[in-house]
Amino acid sequence: MTFSLIWMPDVLLKAGLKVALTDDWQDRGAGEMGAVQGILCHHTAGPRSGNMPTLGTLIKGRPDLPGPLSQLGLGRDGTYYVVAAGRANHAGKGAWEGVVNGNASFIGIEAENTGRAEDQPWPEVQMDAYRRGVAALLGHLGLSAVACAGHKEYALPRGRKPDPSFDMKAFREGVAALLGGVAPTPPLIPAIEPPSPGKQPRQTLRRGASGPLVSILQELLEATKDGQFGAKTEAKVRAFQRSRNVVPDGIVGPKTWRLLDGHTFAPHSDRPPQR
Ligand SMILES: [Zn+2]
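Bear in mind that the values here come from a model prediction, so they are computed numbers and not experimental data.

**Q** What am I meant to see in the overall build of the chain here?
**A** Along the chain, the regular secondary structure elements total nine helices and eight strands. Counting the 275 residues in the chain, one finds 38% classified as buried. At a minimum sequence separation of 6, the contacts of the chain that also span at least 24 residues come to 65%.

**Q** Quick question: what am I supposed to make of the pairing of strand S6 (residues 79-82) here?
**A** Put simply, side chains in a regular strand alternate between the two faces of the sheet. Residues Thr79 and Tyr81 point to one face of S6 and Tyr80 and Val82 to the other, with burial holding for every one of them. Alignment of strand S1 (residues 18-21) against S6, held across four bridges, turns out to be parallel. When the bridges of S6 are listed, alanine 20 appears paired with tyrosine 81. The pairing of strand S5 (residues 72-74) with S6 spans three bridges and is antiparallel. Along S6, the bridge assignment pairs leucine 74 with tyrosine 80. Linking S5 back to S6 in an antiparallel pair, the connection comprises four residues, with glycine 78 at a positive phi of about 90°.

**Q** Sorry if this is basic, but what is going on with helix H7 (residues 212-221) here?
**A** Given 3.6 residues per helical turn, the α-helix brings residues three or four places apart onto the same face. Considered for burial, the residues of H7 that qualify are Val214, Leu217, Gln218 and Leu221. In a view along the axis of H7, the buried residues occupy a sector of 100°, so they form one face of it. The outward face of H7, more than 90 degrees from its buried face, is lined by the exposed residues Pro212 and Glu219. In the segment just after H7, glutamate 222 is the residue with positive phi, at about 55°.

**Q** How should I be thinking about the nonpolar core in this particular structure?
**A** Nonpolar side chains in soluble globular proteins generally cluster together in the buried interior. Ranked by internal contacts, the top residues of the largest apolar core, which has 56 residues, are Ile39, Leu72, Val83, Val134, Leu138 and Cys148. Take this core: its biggest share by element is eight residues, from helix H4 (residues 124-141). There are two domains that each give this core at least three residues, and those are domain 1 (5-179) and domain 2 (189-275).

**Q** I keep staring at the environment of arginine 116 and nothing clicks. Help me out?
**A** Mapped onto the fold, arginine 116 is located in the loop between strand S7 (106-111) and H4. Among the residues examined, arginine 116 registers 11 C-beta atoms within 10 Å and is labelled exposed. Spatially, the C-alpha atoms of arginine 116 and arginine 48 are 9.3 Å apart, while their sequence positions differ by 68 residues.

**Q** When you look at unusual backbone geometry in this model, what are you seeing that I'm missing?
**A** In most cases, non-glycine residues show a negative phi, while peptide bonds are predominantly trans. Here the residue pair glutamine 120 and proline 121 is connected by a cis peptide bond, since its omega of -10° sits within 30 degrees of zero. Cis geometry marks the peptide bond from aspartate 163 to proline 164, where omega comes out at -5°. Inspection of the secondary structure puts proline 164 in the loop between helix H5 (151-154) and helix H6 (168-179). A positive phi angle, near 55°, is found at alanine 45, a position not held by glycine. A count of 18 C-beta atoms within 10 Å places alanine 45 in the partly exposed class. The phi angle at glutamate 97 is positive, at roughly 50°, despite the residue not being glycine. On the secondary structure map, glutamate 97 appears in the loop between S6 and helix H3 (102-105).

**Q** Even after reading the chapter, I still don't get the pairing of strand S2 (residues 38-43), so can you show me in this structure?
**A** Taking burial as the measure, the six residues of S2 include six buried ones, the bulk of the element. Burial of S2 is two-sided: the residues Gly38, Leu40 and His42 facing one way and the residues Ile39, Cys41 and His43 facing the other way are all buried. Note that S2 and S7 share six bridges and pair parallel. Bridging from a neighbouring strand, histidine 43 pairs with alanine 111 of S7. Sheet topology note: the S2/strand S8 (residues 148-150) ladder contains three bridges and is parallel. When the bridges of S8 are listed, leucine 40 appears paired with alanine 149.

**Q** What is the right way to look at the sheet that holds S7 in this model?
**A** In any sheet, the strands associate via hydrogen bonds between backbone groups, in a parallel or an antiparallel arrangement. Across the sheet, which stays open at both edges, the six strands sit in the order S1-S6-S5-S7-S2-S8 with mixed pairing between neighbours. Both outer strands of the open sheet, S1 and S8, are each paired with one neighbouring strand and no more. Here the average twist between neighbouring strands, direction ignored, is 25°. H4 contacts S2, S5, S6, S7 and S8 of the sheet and is inclined by roughly 155° relative to S5.

**Q** Help me out: how do you make sense of the packing of H4 against H6 in this one?
**A** When two helices pack together, their arrangement is captured by the angle between the axes and the distance separating the axes. Interhelical geometry of H4 versus H6 gives an angle of 55° and a closest axis separation of 9 Å. On the basis of the axis angle, H4 is oblique to H6. Helix-helix and strand crossings are classified by hand; for H4 and H6 the assignment is right-handed. Across the interface between the two elements, Arg131, Arg132, Val134, Ala135, Leu138 and Gly139 of H4 pack against Phe171, Gly174, Val175, Leu178 and Leu179 of H6.

Basis of the calculations
Residues numbered from 1 in each chain as written. Predicted model: local features only at pLDDT ≥ 70, side-chain atom pairs only at ≥ 80, totals over all residues. Helix = DSSP H or I, 4+ residues; strand = E, 2+ residues; numbered from the N terminus. Buried ≥ 20, exposed ≤ 12 C-beta atoms within 10 Å, placed from the backbone. Contact = placed C-beta atoms within 7 Å. Pairing = 2+ DSSP bridges. Arc of directions from axis to C-beta. Core = buried A, V, L, I, M, F, W, Y, C linked by C-beta atoms within 7 Å. Domains from an automatic or database assignment. Axes fitted to C-alpha atoms, helices over the stretch in contact; angles between N-to-C directions. Parallel < 35°, antiparallel > 145°, perpendicular 65-115°, else oblique. Left-handed = near helix turned anticlockwise from the far one by under 90°.

Nothing here speaks to function; it is all geometry.
Here it is, written out as structure tokens:
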């Protein structure tokens, strides 16, 4: 049967977010939801690489817990994966604003992050999509930002869950600003660098990207050259940006490309010659 949360993709798309549908998502659920009273935010604590490596688990579940494990997944690049239109097993025991039956009452969003120090801070593109997606869903439901809880805030006994790893109070403030229409428009980073004389335009690169341009970037950063823009490359980008006093967002847009072009790293005299 088709479950009731079939409105989610349209609402997310209207908010300008990237949406990917999984097969049979409309019919997936551990039964039907009750009245939706809010949103529970999670992180997956999944693998460190890949955009949404936990997606299969969210759909199928784990040996100890049948799927779906959330209604939505949120990839590192800010894409929402629609997993289920019905109830999901994500909340467990807890309480938030009088709601005690989390699975029947909350839409669960599992965002890809290991939760470990190596994966902090989260990519801004993912955090931005997290706030915008939650605001869009709450707006559709006629609910305010307080209806959005972190799993770590809801779960009982206290301390049972650590997710999500970011500050929920600041997160709700961001969501409230979006709901109130007072949030600043995020600085748009062009997808392609405007061409400068004698230069080919280069794509903006962020975590999840791969290919020859990533290898070039890694060479410029003196990072391990595997052509995969993962957490390590992002950390190098952030460190470089910090060293040049620009916003350390880990995204290589036109400004960061230009800085990289003009940058020479200190010579490594103790290194064997390369190639
Ligand atoms: Zn959780």
